[in-house]
Amino acid sequence: MRLKFFTLLGFLVYSGILAQEQKSIHIREASTPITLDGVLNEQSWLEAEKSSDYWMNFPTDTLLASTQTVLIFTYDDKFIYIGAKMYNVENPGYVTPSLRRDFRGAGNDMFTISFDTFDDNTNAFQFGINPFGVRREGLVVNGGAQRGNLSLDWENKWYGEVTRTDEYWEAELAIPFKSIRYKEGNLVWNINSYRIDSNTGERSIWNPVPQNFALYSQAHTGQLIWDKAPQKPGANISVIPYISANAAASGGFLNRDDGVELPRDTESGFDAGFDAKVALGPSMNLDITVNPDFSQVEVDQQVTNLDRFEIFFPERRQFFLENADLFGEFGAQGLRPFFSRRIGVSRDESTGVNVQNKINFGARLSGKLNNNWRLGVLNMQAAALENIDLPEINYTVTALQRKVFSRSNLGFIFVNKQDLANESNSSFNQYNRVLGLDYNLASADNKWNGKFFYHRSFEKGGADDSYAASGNILYSTINWQIEALLQSVGDGYSPEVGFARRNGYDRNSLSLQKNFYPQSESIQRISPTISYEGYANESLGLTDYQIGIGTDFSMLNTSSFSIQVNQTYLYLFNDFDPTRNGNQKLPEGTDYRYTNLRLNYRGDTRNPFYLNLNANAGQYFNGNRIGLGGSLNYRIQPLGLITMDFNYNRIRLPEPYGEADLFLIGPRFDITFTKKLFWTTFIQYNNQIDNLNINSRIQWRFKPVSDVFIAYTDNYFPDDFINKNRALVIKVTYWLNL
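As the structure is a prediction and not an experimental result, all values here were calculated from the model. (Residues numbered from 1 in each chain as written. Predicted model: local features only at pLDDT ≥ 70, side-chain atom pairs only at ≥ 80, totals over all residues. Heavy atoms only, no water.)

In terms of helices and strands, the protein carries 3 helices and 43 strands. Relative to the compact-globule value of 27 Å for 738 residues, the protein shows a C-alpha radius of gyration of 26 Å, a close match. For the protein, the spread of C-alpha atoms along the principal axes amounts to about 80 × 60 × 50 Å. A burial count over the protein gives 52% of its 738 residues as buried. Sequence separation of 24 or more characterises 59% of the internal contacts of the protein that already satisfy a separation of 6 or more. Total accessible area on the protein is roughly 32,200 Å²; 55% of this is exposed by carbon and sulfur atoms. For the protein, the separation between the mean place of its 69 positive charges and that of its 81 negative charges on side chains is 3 Å. (Helix = DSSP H or I, 4+ residues; strand = E, 2+ residues; numbered from the N terminus. Rg over C-alpha atoms; globule rule 2.2 N^0.38 Å. Buried < 20%, exposed > 50% of the residue type's maximum accessible area, 1.4 Å probe, protein only. Contact = heavy atoms within 4.5 Å. Areas by Shrake-Rupley, 256 points an atom, 1.4 Å probe, with all protein chains shown as cover. Lys, Arg positive; Asp, Glu negative; His and termini not counted. Charge placed at Lys NZ, Arg CZ, Asp CG, Glu CD.)

This next bit is on the nonpolar core. Phe73, Ile80, Phe111, Phe115, Phe127, Trp189 and Leu224 are the most contacted members of the largest nonpolar core, which has 50 residues in total. Core analysis: the next-biggest nonpolar cluster, separate from the first, contains 30 residues, Phe338, Met380, Ile388 and Ala468 among them. (Core = buried A, V, L, I, M, F, W, Y, C linked by side-chain atoms within 4.5 Å.)

What follows concerns the side chain of Ser283. Residue position: Ser283 is located in the loop between β16 (265-279) and β17 (284-290). Owing to a relative accessible area of 16%, Ser283 belongs among the buried residues under this scheme. With residues up to four places along the chain from it excluded, the contact list for Ser283 reads Phe118, Arg181, Tyr182, Ser366, Gly367 and Lys368.

Next up on the list: the packing of aromatic side chains. According to the stated counting rule, one finds 33 aromatic pairs in the structure shown. Look at Tyr620 and Phe621: their rings are 5.0 Å apart centre to centre, the planes differ by 90 degrees, and that puts the pair in the edge-to-face class. Residue classification places Tyr620 among the buried residues on the basis of a relative accessible area of 5%. Against the face of Tyr535 rests Arg502, its NZ or CZ located 4.3 Å from the ring centre. (Phe/Tyr/Trp six-rings, centres within 6.5 Å; stacked < 30°, edge-to-face > 60°. Lys NZ or Arg CZ within 6 Å of the ring centre and 35° of its normal.)

Attention now goes to the pairing of strand β6 (residues 110-116). Among the 7 residues that make up β6, 7 are buried, leaving the element largely enclosed by the rest of the structure. Pairing analysis gives 7 bridges linking β6 to strand β12 (residues 188-196), with the strands arranged antiparallel. Considered in β12, the bridge of Ser114 is made with Asn192. As judged from the 5 bridges shared by β6 and strand β7 (residues 124-129), these two strands associate in the antiparallel manner. Residue pairing for β7: Phe111 is matched across the bridge by Ile129. (Pairing = 2+ DSSP bridges.)

The sheet contact formed by strand β32 (residues 541-555) and strand β33 (residues 560-571) spans 11 bridges and is antiparallel. Bridge pairing in β33 places Asp544 opposite Leu570. Here β32 folds back onto β33, and the loop between the two strands holds 4 residues, one of which, Thr558, carries a positive phi near 80 degrees.

Throughout the structure, instances matching the rule amount to 22 salt bridges. Note that Arg195 and Asp197 form a salt bridge whose closest N and O atoms lie 3.4 Å from each other. Like Asp197, Arg195 is buried. Where Asp271 meets Lys358, a salt bridge forms, and the shortest distance between an N and an O atom there is 3.5 Å. Linking Asp271 in strand β16 with Lys358 in the loop between β20 (353-356) and β21 (359-368), this pair joins segments that are 87 residues apart in sequence. What makes Lys358 partly exposed here is its relative accessible area of 36%. Taken together, the shared-partner salt bridges in this structure form one network comprising Arg100, Arg668 and Asp670. (Salt bridge = Lys/Arg side-chain N within 4 Å of Asp/Glu carboxyl O.)

Another aspect to go through is the environment of Gly331. In this fold, Gly331 is placed in the loop between α3 (324-328) and β18 (335-336). Residue Gly331 is classed as buried on the basis of its relative accessible area of 2%. Measuring from C-alpha to C-alpha, the distance between Gly331 and Gln68 comes to 41 Å, with 263 residues separating the pair along the chain. In this structure, Gly331 is in contact with Arg336, Pro337, Asp438, Lys451, Phe453 and His455, ignoring residues within four places of it in sequence.

Now the structure itself:
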């Protein structure tokens, strides 16, 4: 296995294809002040170089866009300004799901600009605005090689205004130099800009990007050429203090397992702390947090868990987000040496339940050392939990990344989780460490992407086979997408601050997709796909596999549909209840082969009402399963979006293994009264965990990146509505520039 891995790595390490010719636009210093009002009438705008000729990316990538955009730049000593004029082909019906910041998806009108300020074709800052003046900002990582390499959770200060007419809409954006990182003295930034037009359904882009890639692909950027290089932005220190008050109550009901009444426990408190951001030059940033509080972070959406392994939920806490890829993108999906959500959460080994573990303080240094080197160092100190015998735990992560060739890089990571006091009576490991080396392959034109890594974990008394090695390669063109993977994980691999769904296996997979573009009035693309994934180990041989054959359909109206038939084989290493509902478990050592059908449909999000639907039917272990899930969505423009999420699974297994009818129903109300006042409410009924959850959050953004949050959560037994617990938090944050 390891020989195959390193042979493949050696073959591909020098892969690269020359990039296409880039468009360019010049930026000159403003001759007159810019008034940010969404009207491009200042003399500085009239004198600035203008660029248009936006190309379609959808429904085709071979024609100029029918809805053209004009792009302009200028700057002064504090801001870089972006002007854009978006023309319409007919009377528009501008679409926005709400007035909430950080919108995304095809169901919007939008203008977006991205800056690769280090000319590395790997990372970029992105800023966007829609015709209602709603803004979004995000970070592009991994070269934007695949959809999903854009995070909109990052926040920073910047400004934007728009004006609308029937013929066009105009946007003015002002980005403070202090809000972005860049290489001092650099006369060229890589940039690109794209637009989504809901009236025609077109996606258009300034520097063309093939439609098989994400619009934010950093392999296909143009250039912004400065008349003189941007200078240091000066002192750049921000402090974000918070104060919060909370009240909580739990218990006061009969324990459903033993019938013993749990006493009602109430508590309340007051808390305070702060975050700080210190720019160490224009390209490095020091983040500091003292007594952090993450009560305002939106709750995770519940899912029905029918899997044998842990479910991954993404990081949403602001402190961990800037340069998050430098720490969190080592390894591969389902096999990460570092996963920041492990910090602040510990496990009660006596019950197997995760418990909150308060963070006392932390610091993170991250950014660019120069055009080729990136550095990240993180240190967090978590408090002790006496009730579960957990000592104070220190978390340290160091990551170093070196750019090689045109867009590839080598990365080194060290993760250390340690009880610094060395509490000998603790039931937890004194330390857990991971060392890792990653090579990320990205060809100049993005046709070839891949990852190769070797990681090893260390702990007191650890096993010899505590390694994880993996190599995958993806080839993507307008007509073909081919991906292959080889992976091997030892029995002893244990990244406690990472995410490893399983260990002790050799894995291989291969998928092939062919794209056809028919001359049709409704279908944009047809993509038949065949895939194989298998797991094996030395003692048993093949333990899991799945073979899938299916077809994806992309429609001209932006909706999509897919159908797939899967055959699955599973060997059980442990007793397992496939219903996850307390029925008798299938015994360890048995195996199962079954076939099912899957359907997926995503509606046209430009419509006020649209449906997303997924369904499956067929065999399931030694029985059968029928599943139906999705969401019903209704947009009340521009007030907000009302969504009904639902999931139903009907599982029937032969006696004595039982059956289950699992329901997960969750209406969500996302109401935006203004661009500064938001109200979000989840109601989630989940009979798999016998819970009815209500989570409601009001956010008032009284100044840029300064907020008042009121968050309320309630949990009930759904059969008799007896309250399990409830909590109320009021939190105020303020962004202060020093």
